[in-house]
Amino acid sequence: DGGITQSPKYLFRKEGQNVTLSCEQNLNHDAMYWYRQDPGQGLRLIYYSQIVNDFQKGDIAEGYSVSREKKESFPLTVTSAQKNPTAFYLCASSIRPTIRPYNEQFFGPGTRLTVL
Amino acid sequence: GQNIDQPTEMTATEGAIVQINCTYQTSGFNGLFWYQQHAGEAPTFLSYNVLDGLEEKGRFSSFLSRSKGYSYLLLKELQMKDSASYLCAVTEGSTLGRLYFGRGTQLTVWP
């Protein structure tokens, strides 16, 4: 079955620690995205990548970092510089939008990060 | 920038029809998506509109007016399982691939 996996579902960390969230897809999609969702708010884009070894900042990139060394994987690191990291994090993927403008994004199940 | 507006909350009863509106202001509009998200879960795709008019898909329909910067999602024969957040998102030609999301409309369906 093709899809996107995120692990773990729930993650707890102490303040001041960096933490890396996993996102893997086997849909053969070129583009991948990281969103943050807070209660009562929509999805806000953190980083996105349209191709391997390339990524761009979204609207709220401060305190986060990413890498895209493999097509299937797009891990997100929440650093200690992120002032308010407790949130629900969603990863998504799509075909490269330059191939087709209709770029439906497929989402993973999410990781709920709580920083104590 | 983008300005996407939708109501925060709506309620309806089982079997009824509900219309969730979304207005947007964006340059280089390239399409509008509706997603459904149950609490604590991933958003799932409902519909995509790029041309004016109504797209029907079973109990769900989505309408777009590009000149008015307006869309709505119409849900018919409501069921309890339709209780969820409904997210409106737009794409722009200048930033292909990016989706700009509204805050979502939390729909509660009562028996």
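Calculation criteria
Residues numbered from 1 in each chain as written. Chains lettered and ligands numbered in written order. Predicted model: local features only at pLDDT ≥ 70, side-chain atom pairs only at ≥ 80, totals over all residues. Heavy atoms only, no water. Disulfide = S-S within 2.5 Å. Helix = DSSP H or I, 4+ residues; strand = E, 2+ residues; numbered from the N terminus. Buried < 20%, exposed > 50% of the residue type's maximum accessible area, 1.4 Å probe, protein only. Contact = heavy atoms within 4.5 Å. Buried area = accessible area lost by both parts, 1.4 Å probe. Salt bridge = Lys/Arg side-chain N within 4 Å of Asp/Glu carboxyl O. Polar contact = N/O pair within 3.5 Å; in protein donor to acceptor, adjacent residues only side chain to side chain.

**Student:** What's the story with the state of the cysteines in this structure? I'm lost.
**Tutor:** Here, disulfide denotes a covalent bond that connects the sulfur atoms of two cysteines. One pass over the structure, following the stated rule, counts two disulfides over all chains. Disulfide pairing places A:Cys23 opposite A:Cys91 at an S-S distance of 1.9 Å. Sign of the S-S torsion, about -75° for the bond between A:Cys23 and A:Cys91, identifies this disulfide as left-handed. Highlighted residues: A:Cys23 in strand S3 (residues 19-25) and A:Cys91 in strand S9 (residues 87-94), separated in sequence by 68 residues. You'll find A:Cys23 and A:Cys91 in the same group, each marked buried. For B:Cys22, the disulfide goes to B:Cys88, at an S-S distance of 2.0 Å.

**Student:** How do you make sense of unusual backbone geometry when you look at a structure like this?
**Tutor:** Only a minority of non-glycine residues have a phi that is not negative, and only a minority of peptide bonds are not trans. Residues and elements named next belong to chain A. Geometrically, the link from Ser7 to Pro8 is a cis peptide bond, its omega value of -10° lying close to zero. Of note, Pro8 is situated in the loop between strand S1 (4-7) and strand S2 (10-13). Positive phi is not limited to glycine here, since Asn28 has a value of about 60°. Among the secondary structure elements, Asn28 is positioned in the loop between S3 and strand S4 (31-37). Residue Asn53 is not a glycine yet carries a positive backbone phi of 65°. Along the chain, Asn53 turns up in the loop between strand S5 (43-51) and strand S6 (54-57).

**Student:** Quick question: what am I supposed to make of the interface of chain B and chain A here?
**Tutor:** How big an interface is tends to be expressed through the accessible area that disappears when the partners come together. In this assembly, 19 residues from chain B lie in contact with 26 residues from chain A. Summed over both partners, the interface of chain B with chain A buries about 1800 Å², with 56% contributed by carbon and sulfur atoms. Run the count over chain B and chain A and you get one salt bridge. Its salt-bridge partner being A:Asp59, residue B:Arg98 comes within 2.7 Å of it at the nearest N-O pair. Viewed at the interface, chain A and chain B are joined by four residue pairs in polar contact (both at pLDDT 80 or more). Taken together, the elements giving at least two residues each to the side of chain B that touches chain A come down to strand S4 (29-37), strand S5 (44-49) and strand S9 (84-92) of chain B. If one sorts the elements of the side of chain B that touches chain A by residue count, S4(B) sits on top with four residues.

**Student:** Explain the pattern of salt bridges to me, please; I cannot follow it from the model alone.
**Tutor:** Oppositely charged side chains are able to pair whenever their charged atoms sit close together. All names here are of chain A. Counting across every chain of the model gives six salt bridges over all chains. Of the charged contacts in the structure, one is a salt bridge between Asp38 and Arg36, with a shortest N-O distance of 2.8 Å. Like Arg36, Asp38 is buried. Salt bridges linked by common partners bring Arg36, Asp38 and Arg44 together as one network.

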